[in-house]
Amino acid sequence: MNNVAKIRKEKHITQIELAKIAGISRTYLSKIEKNTVTPSIVIAMKLSKMLNVSIDKLFMDIEHNHGKILPKKMSFVDLFCGIGGFRYASQKAFDQLNIKGKCVFSSDIDKYAQEAYEANFSERPAGDITKIKASQIPTFDLLFGGFPCQTFSICGLRKGFEDTTRGTLFFDIARIIKAKQPQAFVLENVKNLASHNNGKTIRTIIEVLRDELGYYVDYHLLNALDFGLPQKRERVLILGAKKPFKMDWNFKVEKQKTLSDILDKVVDKKYYASKDIISKRKAMHTSKYYPAIWHENKSGNISSYPYSCALRAGASYNYLLVNGERRLTPREMLRLQGFPETFKIVVSDCQTRKQAGNAIPVDMVAEVIKRFLPIAF
Ligand SMILES: C[S@@+](CC[C@H](N)C(=O)[O-])C[C@H]1O[C@@H](n2cnc3c(N)ncnc32)[C@H](O)[C@@H]1O
């Protein structure tokens, strides 16, 4: 296992280009990438220089695999799949761990999300999960789900999670886990989940997963900024496995994408705010950074950073403005979430903006899954 192909692709360098600069044939580079040959230290150093990452990062990123043999294949379900953030994140992790991942079921109620997912993954997600019986879902090893956060009613007689969480979408996750007994799951939610309803919501979730469903569970708040994406997006990740595990939540990601990597130099004029809005913004604020994303908070104050504040599905039109002048394009928003350039945009700008705002930061979740699988299986 090595990271040469992954890092090369992230830098948009072709095999031919890299092979040429490293003074080797394309075929030989392809063998290095597939791990069928071990390059000499001289070639390894050249590749590390060309790709601007350490040799360790390029060839020895296996420290969390504990030398363990993992299953060669894993099947998974993608619940509340949106436009497939978990799909990309798990694919990255599977590739790095040499696992063949297979999605056996996906679901999202939103027809535009279904359209986008189908265009990109050639399968139409099923609809409303509350209407799907567990028996309609094939067996699987792993469950992924970034579910909407809702308050649980905890009054009345509590007989178990069926009583406690019925009517919420977490209930559907729990009933599917209970019926299908996957080896592990990864759930994602907004930062507020941890404080929601005075902490009762997260407590109920953990109690159900641990005490009622019998899984070992851990959760943590992570920020996409710490995973190389220029977006401050804090999210709670909940992990569960049938066997005990100890997750190391300290991540050190070397490669940082900057706004300059994300922003297009020229964009259509339809993305520009009106002259009036631009001059009002500039009268209120001067940025220390360029490029910068200007952020308008709820009380109308403006701040700016060399990264974006969290993309939001239902945010107002000019809530984030590049250099105080223009909105992000849907493609730029997808990049801020770590979606690849190959992601096909097939729905309107308005729907894509909402989808990108709902999605998970791919790079962050990929790192978590990559570290979690070796300790969960
Ligand atoms: C936070 S988003 C998840 C986005 C996804 N993780 C991604 O990366 O694109 C939650 C998703 O749940 C979907 N959803 C809400 N209610 C649902 C239901 N009853 N059944 C299936 N999907 C539902 C929404 O349409 C939305 O796409």
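Since the structure is predicted, the reported quantities are computational estimates derived from the model, not experimental observations.

### Observations regarding the overall build of the protein
Here comes step 1: When helices and strands are counted, the protein shows 15 helices and 11 strands.
Here comes step 2: In terms of C-alpha radius of gyration, the protein reaches 22 Å, essentially the compact-globule figure of 21 Å for 377 residues.
Here comes step 3: Its C-alpha atoms put the protein at 70 × 60 × 35 Å along the principal axes.
Here comes step 4: Looking at the protein as a whole, 52% of its 377 residues qualify as buried.
Here comes step 5: Accessible surface for the protein amounts to roughly 18,300 Å². Of this, 52% is attributable to carbon and sulfur atoms.
Here comes step 6: Taking the 60 positively charged and 38 negatively charged side chains of the protein as two groups, their mean positions are separated by 2 Å.

### Some remarks on the layout of surface pockets
Where empty space is left in the structure can be found by rolling a water-sized probe over the atoms.
Here comes step 1: By volume, the second largest pocket is sized at about 1,000 Å³.
Here comes step 2: Along its surface, the second largest pocket is lined by 30 residues, and Ala5, Lys6, Lys9, Glu10 and Lys92 are the ones closest to its centre.
Here comes step 3: Per element, the largest residue contribution to the lining of the second largest pocket is five residues, and it comes from helix 6 (residues 85–97).
Here comes step 4: Counted by class, the lining of the second largest pocket contains seven nonpolar, 10 polar and 13 charged residues.

### Some thoughts on helix 14 (residues 349–358)
Here comes step 1: Within helix 14, burial applies to Gln351, Thr352, Gln355, Ala356 and Gly357.
Here comes step 2: Check the buried side of helix 14 and you find it contacts helix 7 (111–121) and helix 13 (330–336).

### Structural notes on the domain arrangement of the protein
Here comes step 1: Domain assignment breaks the protein into domain 1 (4–59), domain 2 (73–255 + 359–376) and domain 3 (259–348).
Here comes step 2: On a C-alpha basis, the centres of domain 1 and domain 3 stand 35 Å from each other.

### Quick look at the side chain of Lys180
Here comes step 1: The residue Lys180 is located in helix 9 (residues 169–180) in this model.
Here comes step 2: Among buried Asp, Glu, Lys and Arg side chains, Lys180 stands out as unpaired, with Asp141 the closest opposite charge at 12 Å.
Here comes step 3: For Lys180, the contacting residues outside a window of four places in its chain are Ala134, Ile137, Pro138, Thr139 and Phe140.

### Side note on the packing of aromatic side chains
Here comes step 1: In the structure shown here, the tally under the stated rule is 13 aromatic pairs.
Here comes step 2: Ring plane angle 65° and centroid distance 6.3 Å describe the contact between Tyr88 and Phe343, whose orientation is recorded as edge-to-face. With Tyr88 in helix 6 and Phe343 in the loop between helix 13 and helix 14, the pair connects residues that are 255 residues apart, well separated along the chain.
Here comes step 3: Considering the side-chain rings of Phe147 and Phe170, the 5.9 Å spacing of their centres and the 40° angle between planes classify their relative orientation as tilted. Pair noted here: Phe147 is in the loop between strand 3 (142–146) and helix 8 (161–165) and Phe170 is in helix 9, with a separation of 23 residues, a long-range link. Each member of the pair, Phe147 as well as Phe170, carries the same accessibility label: buried.
Here comes step 4: Counting every residue linked through ring pairs, the aromatic cluster contains Tyr88, Tyr117, Phe121, Phe339 and Phe343.
Here comes step 5: Its guanidinium or amino end placed over the ring of Tyr319, Arg312 lies 4.4 Å from that ring's centre, counting from NZ or CZ.
Here comes step 6: Note that Arg371 overlies the ring of Phe251, its terminal NZ or CZ placed 3.9 Å from the centroid.

### Quick notes on empty space enclosed by the protein
Here comes step 1: Here the structure, examined in full by the defined rule, presents one cavity of 30 Å³ or more.
Here comes step 2: For the largest cavity, the lining is made up of 18 residues, of which Lys6, Glu10, Val253, Asp363 and Glu367 are closest to its centre.
Here comes step 3: Those elements that provide at least two residues to the lining of the largest cavity are helix 1 (4–10), helix 6 and helix 15 (362–376).
Here comes step 4: The element that contributes the greatest number of residues to the lining of the largest cavity is helix 15, accounting for four residues.
Here comes step 5: Of the residues assigned to the lining of the largest cavity, the class counts are six nonpolar, two polar and 10 charged.

### Comments concerning the pairing of strand 7 (residues 234–241)
Here comes step 1: Counting buried positions over the eight residues of strand 7 gives seven, a clear majority of the element.
Here comes step 2: Here strand 4 (residues 184–190) pairs with strand 7 via seven bridges, running antiparallel. Within strand 7, the position partnered with Ala184 by the bridge is Ala241.
Here comes step 3: Across eight bridges, strand 5 (residues 216–223) lies against strand 7 in antiparallel orientation. Considered in strand 7, the bridge of Tyr216 is made with Ala241.

### Some details on the site of the ligand
Here comes step 1: Near the ligand you find 19 residues, and of these Ile83, Asp108, Ile109, Asp128 and Ile129 are the closest.
Here comes step 2: In the environment of the ligand, an oxygen atom lies 3.1 Å from a nitrogen or oxygen atom belonging to the backbone of Gly85.
Here comes step 3: The protein chains hide 87% of the 610 Å² of surface that the ligand would expose on its own.
Here comes step 4: Of the residues that constitute the shell around the ligand, the class distribution is nine nonpolar, seven polar and three charged.

### Quick look at the environment of Arg353
Here comes step 1: With respect to the helices and strands, the residue Arg353 is situated in helix 14.
Here comes step 2: Each C-alpha atom, one on Arg353 and one on Leu311, is 8.6 Å from the other, the two residues being 42 residues apart in sequence.

### Thoughts on the packing of helix 9 against helix 10 (residues 200–212)
Helices that pack against each other are described as a pair by the angle of their axes relative to one another and the distance between those axes.
Here comes step 1: As a packed pair, helix 9 and helix 10 sit with axes 11 Å apart at the nearest point and diverge in direction by 10°. Compared by their axis directions, helix 9 and helix 10 come out roughly parallel. Across the interface between the two elements, Phe170, Ala174 and Ile177 of helix 9 pack against Ile205, Val208 and Leu209 of helix 10.
Here comes step 2: Tallied by class, the residues present in the contact of helix 9 with helix 10 amount to six nonpolar, no polar and no charged.

Conventions adopted
Each chain carries its own residue numbering, running from 1 in the written order of its sequence. With pLDDT at 70 or above as the cut-off, local features in this predicted model cover only qualifying residues; side-chain atom pairs require 80 or more to be listed or tallied, and sums for whole chains, interfaces and linings still use all residues. Calculation of side-chain values draws on the structure's entire complement of heavy atoms; hydrogens and water are dropped beforehand. Secondary structure elements follow DSSP: runs of H or I no shorter than four residues count as helices, runs of E no shorter than two count as strands, and numbering proceeds from the N terminus. With C-alpha atoms as the basis for the radius of gyration, the globule rule is written as 2.2 Å multiplied by the number of residues raised to the power 0.38. Only protein chains enter the area calculation, which uses a 1.4 Å probe; residues under 20% of their type maximum are buried, those over 50% are exposed, and those in between are partly exposed. The protein chains shown are the only cover counted for residues, whose accessible areas, like all others here, come from Shrake-Rupley with a 1.4 Å probe. Two residue types count as positive, namely Lys and Arg, and two as negative, namely Asp and Glu; His and chain ends fall outside the count. By convention, the charge on Lys lies at NZ, on Arg at CZ, on Asp at CG and on Glu at CD. A pocket, in this scheme, is an open set of points on a 1 Å grid over the protein atoms alone with protein on both sides within 12 Å along at least 5 of 7 lines, while a cavity is a set where a 1.4 Å probe fits but cannot get out; residues line either one if an atom lies within 4 Å of a point. Grid points are joined across faces, edges and corners, and a volume is the space filled by probe spheres set on the points. Only Asp, Glu, Lys and Arg are considered charged in this grouping, and only Ala, Val, Leu, Ile, Met, Phe, Trp, Tyr, Cys and Pro are considered nonpolar; every other residue, Gly among them, is considered polar. Any two residues having at least one pair of non-hydrogen atoms within 4.5 Å are treated as being in contact. An automatic or database domain assignment provides the domain bounds reported here. One side-chain nitrogen of Lys or Arg within 4 Å of one carboxyl oxygen of Asp or Glu is enough to make a salt bridge. Here the aromatic set is Phe, Tyr and Trp, taking the six-membered ring for Trp, and pairing holds for ring centres within 6.5 Å; pairs whose planes are under 30 degrees apart are stacked, those over 60 apart are edge-to-face, and all others are tilted. Placement of a charge over a ring requires the Lys NZ or Arg CZ to be within 6 Å of the ring centre, with the centre-to-atom vector within 35 degrees of the ring normal. In this description, strands pair whenever DSSP reports at least two bridges between them. For each residue, the test is whether any non-hydrogen atom lies within 4 Å of the molecule or strand; if one does, the residue is near. Any pair of N or O atoms that falls within 3.5 Å is considered a polar contact. Within protein, one atom must be able to donate a hydrogen and the other to accept it, and sequence-neighbouring residues count only if both atoms are side-chain atoms. Between N-to-C directions, angles cover 0 to 180 degrees, with each direction set by a line fitted to C-alpha atoms, over the stretch in contact for helices. Comment on the angle field: the value is read as roughly parallel under 35 degrees, roughly antiparallel over 145, roughly perpendicular from 65 to 115, and oblique elsewhere.

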